Amino acid sequence: MQTSTLAALDRSHLIHPVASFREHEELGPIILKSGRGAYLTDHHDKELLDAFSGLWCVNTGYGQESVVRAATEQMQRLPYATGYFHFASEPAILLAKKLVDISPASLQHVYFTLGGSDAVDAAIRYITHYHNSIGKPAKKHFISLQRGYHGSSSVGAGLTALPNFHFNFDLPLPTQHYIPSPYPYRSELPDDAAIIAASVHALRNKVAELGSDQVAAFFCEPVQGSGGVIVPPRGWLKAMQQACNELDVLFVVDEVITGFGRTGPMFACLDEDVQPDLMTMAKGLTAGYAPMGAVMMSDRVYRGIADGAPLATVVGHGQTYSAHPVSAAVALEVLRLYEEGGLLENGRAMEPHFAAGLRALLSHPLVGDARSRGLLGALELVADKGSKARFAPELKLHDRIFQAAYKHGLVFRAFGDNILGFAPALCFTQADFELMFARLKALLDEVLEQPEVRQALR
């Protein structure tokens with residue numbers, strides 16, 4: 001079908017996520033046609049280097065034939081198996097065991113979802129059930145971080161601390177609260193130890209304010225993704241876990257973005273021997289080849305729920321496509337590629353090239369900060385490097401950046417507050433990084449020469 005016809009149909013009928021409906025009707029879609037490795041091709045046959053892995057998810061790169069074969073073989077053998085009525089399928093059982101093997105030792109049980117948002121939603125439901133089951137029904141309050149992102153379900157979007165996810169959705173709920181983000185670039189504290197101590201202090205204060213008998217859980221990302229790729233100091237995650245343990249607050253780590261090699265190890269938790277009570281995951285679990293997420297649960301939480309009611313009382317949470325056999329088969333092959341296929345090893349080997357390329361752009365007039373962990377990173381653009389003043393929203397710098405990026409054949413995330421997010425696939429080569437940073441510098445130079453942008457620099 002012709003591109004113009006598809007674009008017209010899209011404008012008329014397809015609702016896009018996290019978009020202005022009317023603005024999308026004006027702009028229309030960029031229709032993607034194919035992908036191979038780290039590259040995409042659109043309907044105009046323009047090649048794009050994808051430095052964002054789709055939406056932080058295609059960690060393997062596109063066109064992995066063994067993943068396609070795994071999905072095809074499973075669809076031919078058993079395309080669907082319900083998890084209701086005590087049914088199961090072999091891929092789902094093996095995947096649950098594999099995730100327990102590669103995750104923090106505290107996590108022994110797995111519930112499969114369709115993605116990250118409903119993994120967070122499932123975690124909230126199980127946490128509520130758990131506290132009711134163990135005789136602590138007052139524990140109904142949840143704490144997360146400013147700039148945090150925990151999906152867009154009806155309740156989880158309240159833990160997300162980004163205004164667009166609250167506007168006209170009647171969020172956050174009265175039981176949802178935030179503490180400051182551990183944001184080194186914007187912090188006035190003298191060093192990493194002070195930033196960590198401030199976060200622990202803020203958590204303790206918030207729990208004391210609400211009452212420790214009222215607080216159910218603390219949710220956090222090891223690196224804040226959609227909030228601007230905020231990289232906390234090393235040791236921060238472990239300190240927050242220890243504080244939660246002391247406060248009798250469940251510690252929930254959201255590894256939807258950071259999991260599966262994105263920050264170096266299989267999970268960011270493993271870097272600091274962090275032992276969560278629950279952990280959510282998605283994205284890299286199937287590398288975007290099929291929808292799937294999961295919430296992992298400690299034995300303590302599992303036993304609390306299991307023993308909290310008579311034997312025949314069901315735990316009333318479930319989804320038709322939970323533990324879908326095709327998605328599970330895809331995930332097993334993706335995990336094999338991470339480990340036996342060398343993708344984790346390649347990601348770790350390429351990290352220095354990625355970090356160095358970001359740091360090199362600190363000399364650019366638009367760039368105030370460069371930060372990364374593993375193959376997850378960002379540039380923060382500022383109007384004044386000395387004061388770290390942001391550009392005025394009216395300039396719409398992020399839109400200018402996005403348009404220039406497409407022109408130069410590069411895909412990444414241009415956030416509204418002029419933070420540029422990057423999440424290159426674990427298959428990136430040194431040549432891919434050289435091309436990425438050459439295109440990135442060229443587009444930044446081009447945007448810098450726009451008179452309105454020049455005038456906005458202080």
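Values in this document were obtained by computation on a predicted structure and should not be read as measured data.

Moving on to the packing of aromatic side chains. The description of an aromatic ring pair uses the distance of the two centres, along with the angle that the planes make with each other. Applying the stated rule across the entire model yields 15 aromatic pairs. Ring plane angle 50° and centroid distance 6.2 Å describe the contact between Phe142 and Phe219, whose orientation is recorded as tilted. With Phe142 in strand 5 (residues 141-145) and Phe219 in strand 7 (residues 215-220), this pair connects stretches of sequence that are 77 residues apart. Per residue, the accessibility class of Phe142 equals that of Phe219, and both read buried.

With that settled, consider unusual backbone geometry. Here the amide bond leading from Leu171 into Pro172 is cis, since omega sits at 0°, within 30 degrees of zero. When you line up the elements, Pro172 lands in the loop between helix 7 (156-159) and strand 6 (176-179). Residue Asp170 is not a glycine yet carries a positive backbone phi of 55°. Examined against the element boundaries, Asp170 turns out to sit in the loop between helix 7 and strand 6.

Within the secondary structure layout, Ser181 lies in the loop between strand 6 and helix 8 (192-210). Relative accessible area serves as the criterion here: at 15%, Ser181 is assigned to the buried category. C-alpha of Ser181 to C-alpha of Ala194: the two residues are 13 residues apart in sequence and 13 Å apart in space. Here the side chain of Ser181 touches Gln224 through a polar contact of 2.5 Å, side chain to side chain.

Conventions used here
Residues numbered from 1 in each chain as written. Predicted model: local features only at pLDDT ≥ 70, side-chain atom pairs only at ≥ 80, totals over all residues. Heavy atoms only, no water. Phe/Tyr/Trp six-rings, centres within 6.5 Å; stacked < 30°, edge-to-face > 60°. Helix = DSSP H or I, 4+ residues; strand = E, 2+ residues; numbered from the N terminus. Buried < 20%, exposed > 50% of the residue type's maximum accessible area, 1.4 Å probe, protein only. Polar contact = N/O pair within 3.5 Å; in protein donor to acceptor, adjacent residues only side chain to side chain.

By themselves these figures say nothing about function.
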